[in-house]
Structures are given as structure tokens and as C-alpha cells.
Amino acid sequence: MIRTPLCDLLGIEHPIVQGGMAWVGTAALTAAVSEAGAIGILGGGNAPPDWVRAQVREVKQRTSRPFGVNIPLFSPFVDDVVSICIEERVRVVATGAGNPAPIIPRLKEAGILVMPVIASVALAKRLERAGADLLVAEGMESGGHIGEVTTLPLVPQVVDAVRIPVVAAGGFADGRGLAAALALGAVGIQMGTRFICTDECEVHPNYKEKIVRAGDRATMTTGHSLGHPVRTLRNPLARDFEELERRGVTEQEIIEFGTGRLRLAAVEGDMVHGSVMAGQVAGLVDDIVPCKALVARIVRQAEDVLRGMPRFFG
Ligand code: TUI
């Protein structure tokens, strides 16, 4: 058993967090990850509050274990989703794609743990001061909306800059990664792409298959001209996006072009016109397995890696 302060803080068995993913991380996946002894995080996305409440209740029906809700800070419903998390007594709220300082006091008053996803040391320090309980330091290897620093240099810099626990994210899919994250001073890992390729994830089967088939250079980033880089699997949409940016069309046109594309990939399974967000680690994901088997396999491999380390001492 690998136990870290993350296990005690969240009340979980294994130091593994499922990254919140809009349209992909629904109640079924969240509950399955929590049942596997890690912690599932419901992807709030831009979804209307009623949908989020129904999903939270569905998770509770499926598991009595701790789980979290992810709130991307560009959602128009941030305050309503915070209220739902408070009313439903969710264990932990993860935030992303922005600075959550304004919502931290309400969550803390309600006794909810606040776990912002950050991509820089500056925001890590600011959010520790604002009362965050733990941080997810996410490198730009990740899928979806990303920062500018890769995981290997980011995680130890954040670990050194704050006193609260730090979870490593971006590029993790197996036990070698978990062992490496612990070596960097993290208390665990967050994985998104790896959890997409599980039996319980309700994303369209085409999405899972595209990740399983992906190689090491399968992803690309777009959205730099908007100041919001996004990593996806390479497909005609991503190339069209790149071309639009090269032509220097207006921000408004790019936003309109991009709207609804994640849903198209995740729900409709459109791998040509949809946005197939995934991390660089897609190349390392080559099977679709139940969450319980996946978590057990990762923990076992990490234990083997760590137990083998003494052989490097003369
Ligand atoms: O949030 C994510 N990843 C996401 S959100 C998302 S939904 C989406 N849908 C359509 C188009 C674009 C996005 C998909 N993937 N990860 C957490 C994360 N947060 N990564 C980086 C950041 C971040 C970046 C800047 C956090 C804070 C930040 O600070 C800016 C500031 O205000 O200081």
C-alpha cells in the first residue's frame, strides 16, 4: 500500500485523482473511480446547474465514498455550482482555467476542501494564501486547457513554493509516473486521459479508440492567439483551427468556430469535426479497462518501482 497525506486528507485509499473533464467525466466515471479507492471528480464544464445537481445525486447513489466536483472558472454558472456543492455536501471542489480566489471563502465556510488546478508558481502561492487546501500542479503535457510549463520542472517548483500538499498532473498514466511524482515531492497524481479509456467512462467509443491508437506525437495545441492554449489529438478540426489562427481571423470568429466542438467529439463521436482533448500521455494508453483494475495496476506498479530503487545504491 502506498499511503500519502493525500489519502488522509481526502479519505481515500490510493493517492490518485481523476481529473475533472467536461462532457467526459460524468457521474458514472466519477463514482467508478471513487469505488476503486481513488477519487472521482465530476466534470462540471459549462453545464447548467440543474444538470450538475442531478449528476452529483447520481454519484451519491452509486457510491458512498468521497468524490469531488470540478468547476472551470469560465463557466457562466460558477456561483450556482458552488451553491450546489455546498448543499450536497461534496467533499472537494477542484477548479481550473482561472483564479478561484473569489469562491474560496464560501467553500471553506461550508467545510469543503478546495483543490485548485494551477499551472504556475505565482498562482500556487496566491491560492495558498487565499486558503486552498491542496493544489494540483498541471504541466502542459495535459489535455484540454493548459499552461506553459511542463510537469517535470513545474511540480518540484510548486512543491518548494508552498506548504500545502501538491498533486502532480500532466503526463501520468501508469505506476512509473506515480513513483516519479512522489520522487518530485508530490502527494499523488491526477490523471485525465488515462481514465477516459475505462469501461465506465461514458464518452463515445470513437474517442476512447482514438486515444488507444494514438502515438507519442499524436497531440497538438491550438488557441495560442486567444491566450488559451488547448491540447487535443491531431485531426482535421485542429488543423483548421491552426489555419484560422495563422490567417489571423478575429477572436470572435475563432470562438464561434470552436463552440460546441468538445461535445461533438465526446457525445457524437465525431473525430473529424470534434475537439478530441487528450494529453501527450495518450501514446502510453493502449487499453480500455475497468477503473478498479486500472487503479490496482497503477498502485502495484508504483510499489514495484519504488521497492526496486535500492538497487541503485552502491
Ligand atoms: O481547466 C483545465 N483544463 C480544461 S478546462 C476545459 S473546458 C474547455 N472547453 C472548451 C475549450 C477550452 C476549454 C478543458 N480543459 N485544466 C486546469 C488548468 N487550469 N490548466 C491550466 C489552468 C490555469 C491556467 C491559468 C489555471 C489558472 C490560470 O490562471 C489564470 C489567472 O487568472 O491567473
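Residues numbered from 1 in each chain as written. Predicted model: local features only at pLDDT ≥ 70, side-chain atom pairs only at ≥ 80, totals over all residues. Heavy atoms only, no water.

Caption draft 1: Structural view of the domain arrangement of the protein chain. Here the domain parsing of the protein chain yields domain 1 (5-202 + 286-308) and domain 2 (219-277). Averaged C-alpha coordinates put domain 1 and domain 2 at centres separated by 24 Å. Interface area for domain 1 against domain 2, summed over the two sides, is near 860 Å², with a carbon-plus-sulfur share of 65%. Between domain 1 and domain 2 we count zero salt bridges in total. Summed over the shared surface of domain 1 and domain 2, the result is four residue pairs in polar contact (both at pLDDT 80 or more). The class makeup of the residues in the side of domain 1 that touches domain 2 is six nonpolar, four polar and one charged. (Domains from an automatic or database assignment. Buried area = accessible area lost by both parts, 1.4 Å probe. Salt bridge = Lys/Arg side-chain N within 4 Å of Asp/Glu carboxyl O. Polar contact = N/O pair within 3.5 Å; in protein donor to acceptor, adjacent residues only side chain to side chain. Nonpolar A, V, L, I, M, F, W, Y, C, P; charged D, E, K, R; others polar.)

Caption draft 2: Broad picture of the site of the ligand. In the vicinity of the ligand lie 13 residues, with Ala97, Val117, Leu123, Glu138 and His145 positioned nearest. In this structure, a nitrogen atom belonging to the ligand sits 2.9 Å away from a side-chain N or O atom of Glu138. Between His145 and the ligand, the recorded distance is 2.9 Å, taken from a backbone N or O atom to a nitrogen atom. Starting from 710 Å² of accessible surface for the ligand in isolation, the protein chains cover 68%. Class assignment of the residues belonging to the shell around the ligand gives a composition of seven nonpolar, five polar and one charged. (Near = heavy atom within 4 Å. Areas by Shrake-Rupley, 256 points an atom, 1.4 Å probe, with all protein chains shown as cover.)

Caption draft 3: Layout of a nonpolar patch on the surface. Taken together, the side chains of Leu306, Met309 and Phe312 present a nonpolar region at the surface, about 290 Å² in accessible area. Note on Met309: relative accessible area 35%, which makes it partly exposed. (Patch = residues over 30% accessible without salt bridge, like charges linked within 9 Å, V, L, I, M, F, W, Y side chains within 5 Å. Buried < 20%, exposed > 50% of the residue type's maximum accessible area, 1.4 Å probe, protein only.)

Caption draft 4: Local environment of helix 4 (residues 78-87). Those residues of helix 4 not exposed but buried are Val78, Val81, Val82, Ser83, Ile84 and Cys85. Residues of helix 4 that are buried in the fold lie against helix 3 (49-62), strand 3 (67-72), strand 4 (92-96) and helix 5 (104-109). Of the residues one or two after helix 4, Arg89 is the one with positive phi, at around 55 degrees. (Helix = DSSP H or I, 4+ residues; strand = E, 2+ residues; numbered from the N terminus. Contact = heavy atoms within 4.5 Å.)

Caption draft 5: Molecular detail of the pattern of salt bridges. Applying the stated criterion across every chain, the model contains 15 salt bridges. Between Asp287 and Arg297 there is a salt bridge; the shortest N-O distance is 2.8 Å. Here the residue Asp287 occupies a position in the loop between helix 13 (261-266) and helix 14 (291-308), and Arg297 occupies one in helix 14, the gap between them amounting to 10 residues. Taken together, the shared-partner salt bridges in this structure form one network comprising Arg53, Arg57, Lys60, Glu87 and Glu88.

Caption draft 6: Examining the side chain of Ser75 more closely. Looking at the element boundaries, Ser75 is found in the loop between strand 3 and helix 4. Taking the relative accessible area as the measure of exposure, Ser75 reaches 7% and is therefore buried. Within the structure, the side chain of Ser75 is placed 2.9 Å from the backbone nitrogen of Phe77, a separation counted as a polar contact. Sequence-distant contacts of Ser75, that is, excluding residues within four places in its chain, are made with Gly45 and Asn46.

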